[in-house]
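If you want the building blocks of each chain, they are given just below.
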Amino acid sequence: MKWSYRRILQSKKPESIASETASTTDSLMRYDENQKMFNYIAPFYDRTNRILSLGLDHSWRKSGISRLGTNPVGLILDVGAGTGDIGLNIVSSYPEATVVGIDTSLRMMQIGLKKTRNMALESGNVFCSANVLSLCFSDNTFDAAITAFCIRNVEDRLMALREIFRVLKSGAKLVIVELTEPQGFIMKPLFRIYSRLVTPTVTCLLSSVSAYDYLTESMADFPSPSRFASILENVGFVNVEFFNLTFGIVTVYESTRP
Ligand SMILES: C[S@@+](CC[C@H](N)C(=O)[O-])C[C@H]1O[C@@H](n2cnc3c(N)ncnc32)[C@H](O)[C@@H]1O
C-alpha cells in the first residue's frame, strides 16, 4: 500500500490552522491525518531517519539535549516522543531525570516502549498518549521540556507552545530541535536536489510510502529561525536563542520560562 499525503491534504483544514504561525501555503496536516501518517510509517521510522540523515539524527538529538543543561534532573517532558530516542538518550546519561514522552501516535510509542524495555529503562522513560494542543498535566509540572522534529507537524504551533509554557515550572528550559530548509547559494540547491531525488528514492525503497514528500514541503513552509524565535518570545519565553547544525538543515532553539 502507498501512503499519499497529497490525498489527505486535499481535505478541508479547520479555521484554527489559519493562525499566525501558518502561512497560506503551509503544508500542515490536521491532527487526525498526522496521527494516521505516523501510525503508518512507525515500523520504518527509525531506519528511514537514520539513512536519510546519513546517521546524523543521533547527534542532532544529542545537541538538543546538551542545551537542557549540564545535568538535567527531575521531570522532563518530551513532546512528540515518537519512538523514544530523546528520552532514552536522556535517562541513559542522566539517571536522576525522568522523561515523560507524549505523542498522539500509539504505534510510534509502542516501538519506543519496546526499545525502552530492551534497555531496561522503563522506570525513567515513560510514554503517555496525549496531544500537545491540550496537555493532561497541571500547570508548573515539568523541570524542562524538549521536542525533536515534532513542532513542524503540529497544526496549531502557537497553541502547542502555550501549552508547553503552561506545564513548565518557572525557570525551566524548553529546547526545540527542528529540521529547517538550509539557506545560501550552495546548500539551498544541494538540499533541493537531495530532497527531490534521494528522499523519495530512499523512502520508496525502505518503507514503500510517499509520506516523506510531506517532510520536504513542511520544512520549506516552517517559519525561518528568527521568525520562530519571535513566536517563542510572543508566547512568553525569555532568553531565546537558536543555533544551526549541519549547514542549517537542523535548528536548535533554546528558551526559558521566566
Ligand atoms: C518526526 S516524529 C519525531 C519523533 C521523535 N521526537 C524523534 O526524535 O525521532 C514527530 C512525532 O510527533 C508526533 N506528533 C505530531 N503531532 C502531535 C501532537 N499534536 N501532539 C503530540 N505529538 C504529536 C507524531 O506522532 C510523531 O511521533
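1. So, the packing of helix 2 (residues 31-52) against helix 5 (residues 106-118)
How two helices pack is summed up by the angle between their axes together with the distance between the axes.
Point 1. Packing of helix 2 against helix 5 brings their axes to within 7 Å, and their N-to-C directions diverge by 30 degrees. One way to sum up the angle between helix 2 and helix 5 is to call them roughly parallel. Taking contact as the criterion, the partners of Phe38, Asn39, Ala42 and Tyr45 in helix 2 are, on helix 5, Leu106, Arg107, Met108 and Ile111.
Point 2. Here the contact of helix 2 with helix 5 is composed, by residue class, of six nonpolar, one polar and one charged.

2. Quick look at the nonpolar core
Point 1. In this structure, Ile76, Ala145, Ile146 and Ile164 are the most contacted members of the largest nonpolar core, which totals 54 residues.
Point 2. When residues in this core are grouped by element, the largest group, seven residues, is from strand 5 (residues 168-179).
Point 3. Residue contacts for Ile164: discarding those within four places in its chain leaves Val79, Val132, Ala145 and Leu174.

3. As for the sheet that holds strand 6 (residues 238-245)
The strands that make up a sheet pair up through hydrogen bonds in the backbone, lying either parallel or antiparallel.
Point 1. Across the sheet, seven strands lie side by side as 3-2-1-4-5-7-6; this open sheet has mixed pairing. The sheet is open, and its two edges are formed by strand 3 (125-129) and strand 6, each paired on a single side. For this sheet the average axis-to-axis angle between neighbouring strands, irrespective of direction, equals 20 degrees.
Point 2. In the sheet, strand 1 (residues 74-79) pairs with strand 2 (residues 97-103) via six bridges, with the strands oriented parallel. Directly across from Leu75, in strand 2, lies its bridge partner Thr98.
Point 3. Across the face of the sheet, helix 5 comes into contact with strand 2 and strand 3 while running at roughly 165 degrees to strand 3.
Point 4. The strands touched by helix 6 (residues 157-167) are strand 1, strand 4 (142-148) and strand 5; relative to strand 5, the strand with the most contacts, the crossing angle is about 145 degrees.

4. A short note on helix 6
Point 1. Within helix 6 the residues assigned to the buried category are Arg157, Ala160, Leu161, Glu163, Ile164 and Val167. Seen end-on, helix 6 carries its buried residues on one side only, within an arc spanning 160 degrees.
Point 2. Turning to helix 6, the residues buried within the fold contact strand 1, strand 4, strand 5 and helix 9 (225-235).

About the criteria used
- Residues numbered from 1 in each chain as written.
- Predicted model: local features only at pLDDT ≥ 70, side-chain atom pairs only at ≥ 80, totals over all residues.
- Axes fitted to C-alpha atoms, helices over the stretch in contact; angles between N-to-C directions.
- Helix = DSSP H or I, 4+ residues; strand = E, 2+ residues; numbered from the N terminus.
- Parallel < 35°, antiparallel > 145°, perpendicular 65-115°, else oblique.
- Contact = placed C-beta atoms within 7 Å.
- Nonpolar A, V, L, I, M, F, W, Y, C, P; charged D, E, K, R; others polar.
- Core = buried A, V, L, I, M, F, W, Y, C linked by C-beta atoms within 7 Å.
- Buried ≥ 20, exposed ≤ 12 C-beta atoms within 10 Å, placed from the backbone.
- Pairing = 2+ DSSP bridges.
- Arc of directions from axis to C-beta.

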